[in-house]
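What follows is each chain in one-letter form.
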Amino acid sequence: MRSPVVWRGATVSTVADEPFPAVTILFTDLEDSTRRWEEDADIMDAALARHDAILQSEIERHRGVVIKHRGDGVLAMFDDPVDGVRAAVAAQLALHAEQWPGPPLRVRMGLHTGEVRVRGGDLFGPTVNLAARIENAAHGGQMLLSSTTEALVRGSLLPLATI
């Protein structure tokens, strides 16, 4: 059983069905995971556990919270879009540097900033939907930002990254 998600001092599952003001949503997904599971489930199991630990660590280190795992990816939330983008960059760098059991994992990421709704400990609404679509457009090892998120972080990431 997973621990309750705490956001802004409240457990997300107890937050009323109302909008959260602007937050940054990060979706991630592991590229080509179905084939990797079919080829060697034991190696993939170990790799996915390490992947999850890296993402959890970088998201928490950058003041975000993992809302849920979605198969071989995560849905995370940040108050500050700069923190969200920094977490994504740091996670990509850590994933790239990792010595994987088998071929390296390649993770695609998408970020968007806007209002979300909470219901039953989960997030909903157009912001969440758009972040998922942006992640889906990325290639493994790539992170894409919406124009909204890009405008909010422009100039804040040097020397970490350029947009």
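Residues numbered from 1 in each chain as written. Predicted model: local features only at pLDDT ≥ 70, side-chain atom pairs only at ≥ 80, totals over all residues. Heavy atoms only, no water.

**Observations regarding the pattern of salt bridges**
To keep it simple, the criterion reads: Here, a salt bridge means any Lys or Arg side-chain nitrogen found within 4 Å of an Asp or Glu carboxyl oxygen. Segments assigned H or I by DSSP are reported as helices when at least four residues long, segments assigned E as strands when at least two residues long, and all are numbered from the N terminus. Relative accessibility under 20% of the residue-type maximum defines a buried residue, over 50% an exposed one, and the middle range a partly exposed one, all with a 1.4 Å probe and only protein chains included.
Evaluation of the coordinates by the stated rule reveals 11 salt bridges. Taking the shortest distance from any N to any O, the salt bridge between Arg108 and Asp29 comes out at 2.7 Å. Placement of Arg108 in strand β6 (residues 107-119) and of Asp29 in strand β3 (residues 19-30) is noted, with a sequence separation of 79 residues between them. Classification of Asp29 by relative accessible area gives buried; the value is 17%. For the salt bridge of Glu98 with Arg50, the shortest nitrogen-to-oxygen distance reads 3.1 Å.

**Thoughts on unusual backbone geometry**
Glycine aside, negative phi is the norm for most residues, and most peptide bonds take the trans geometry. Although it is not a glycine, Asp32 sits at a positive phi angle of roughly 65 degrees. Its location among the elements puts Asp32 in the loop between β3 and α1 (33-39).

**A short note on the side chain of Thr24**
Operational definition: Whenever two N or O atoms come within 3.5 Å, that pair is a polar contact, provided that in protein one can donate a hydrogen and the other can accept it, and provided that, for residues adjacent in sequence, both atoms are side-chain atoms. Any two residues having at least one pair of non-hydrogen atoms within 4.5 Å are treated as being in contact.
Within the fold, Thr24 resides in strand β3. A polar contact is formed between the side chain of Thr24 and the side chain of Thr113, at a distance of 2.7 Å. Sequence-distant contacts of Thr24, defined by excluding residues within four places in its chain, comprise Ala76, Met77, Phe78, Asp80, Pro81, Leu111, His112 and Thr113.

**Structural notes on the nonpolar core**
As a reminder of what qualifies: What we call a nonpolar core is a set of buried Ala, Val, Leu, Ile, Met, Phe, Trp, Tyr and Cys residues that are connected through their side-chain atoms within 4.5 Å.
With 26 residues, the main nonpolar core has Leu26, Leu55, Ile59, Leu95 and Met109 as its most contacted residues. Only β3, α2 (41-61), β5 (73-78), α3 (81-97) and β6 provide two or more residues apiece to this core. When neighbours within four sequence positions are excluded, Leu95 is seen to be in contact with His51, Ile54, Leu55, Trp100, Val107 and Met109. Formed by 12 residues, the second largest nonpolar core is a distinct cluster that contains Val65, Leu75, Val116 and Leu123.

**Comments concerning the packing of α2 against α3**
To describe two helices that pack against each other, one gives the angle between their axes and the distance between the axes. Cut-off, in case you're wondering: Inter-axis angles, ranging from 0 to 180 degrees, are taken between N-to-C directions of lines fitted to C-alpha atoms, where helices are fitted over the stretch in contact. For classification, angles of less than 35 degrees are called roughly parallel, those exceeding 145 degrees roughly antiparallel, those between 65 and 115 degrees roughly perpendicular, and all remaining angles oblique. Crossings are assigned a handedness: left-handed for a near helix turned anticlockwise from the far helix by less than a right angle, right-handed for a clockwise turn.
Between α2 and α3, the shortest axis-to-axis distance is 9 Å and the interhelical angle comes to 150 degrees. It follows from the interaxial angle that α2 and α3 lie roughly antiparallel. For α2 against α3, the interelement crossing comes out right-handed. Residue-level contacts link His51, Ile54, Leu55, Glu58, Ile59 and Arg61 of α2 to Ala87, Ala90, Ala91, Ala94 and Leu95 of α3.

**Description of the pairing of strand β4 (residues 64-70)**
This is how the line gets drawn: Strands pair, by our definition, only if DSSP identifies at least two bridges between them.
Pairing of β4 with β5 involves 6 bridges; the strand directions are antiparallel. Considered in β5, the bridge of Lys68 is made with Leu75. Here β4 folds back onto β5, and the loop between the two strands holds 2 residues, one of which, Gly71, carries a positive phi near 65 degrees.

**Regarding the environment of Ala131**
Take Ala131: it is sitting in helix α4 (residues 126-137). In sequence terms Ala131 and Ile25 are 106 residues apart; their C-alpha atoms lie 6.3 Å from each other. Sequence-distant contacts of Ala131, defined by excluding residues within four places in its chain, comprise Ile25, Phe27, Gly110 and His112.

**Some details on α3**
Let me state the cut-off plainly: Expected helix span is taken as 1.5 Å per residue step, with the number of steps being one fewer than the number of residues.
For α3, with 17 residues, the first-to-last C-alpha span of 24 Å sits near the 24 Å given by 1.5 Å per residue. Within α3, 12 of the 17 residues are buried, which leaves the element mostly enclosed by the surrounding structure. The N-cap of α3, judged by a side-chain oxygen 2.8 Å from the amide nitrogen of Val82 a few residues on, is Asp80.

**Digging into α2**
Note the threshold: Regarding the arc, it is the one traced by the directions from the helix axis to the C-beta atoms.
Between its terminal C-alpha atoms α2 stretches 30 Å, which fits the 30 Å expected from 21 residues at 1.5 Å a residue. Here α2 has its buried residues at Met44, Ala47, Leu48, His51, Ile54, Leu55, Glu58 and Ile59. An end-on view of α2 places all buried positions within 130 degrees of arc, on one side of the element. Projecting away from the buried face of α2 at angles above 90 degrees are the exposed residues Asp42 and Arg61. At the exit of α2 stands Arg63, carrying a positive phi of roughly 65 degrees.

Taken by themselves, the reported measurements are silent on function.
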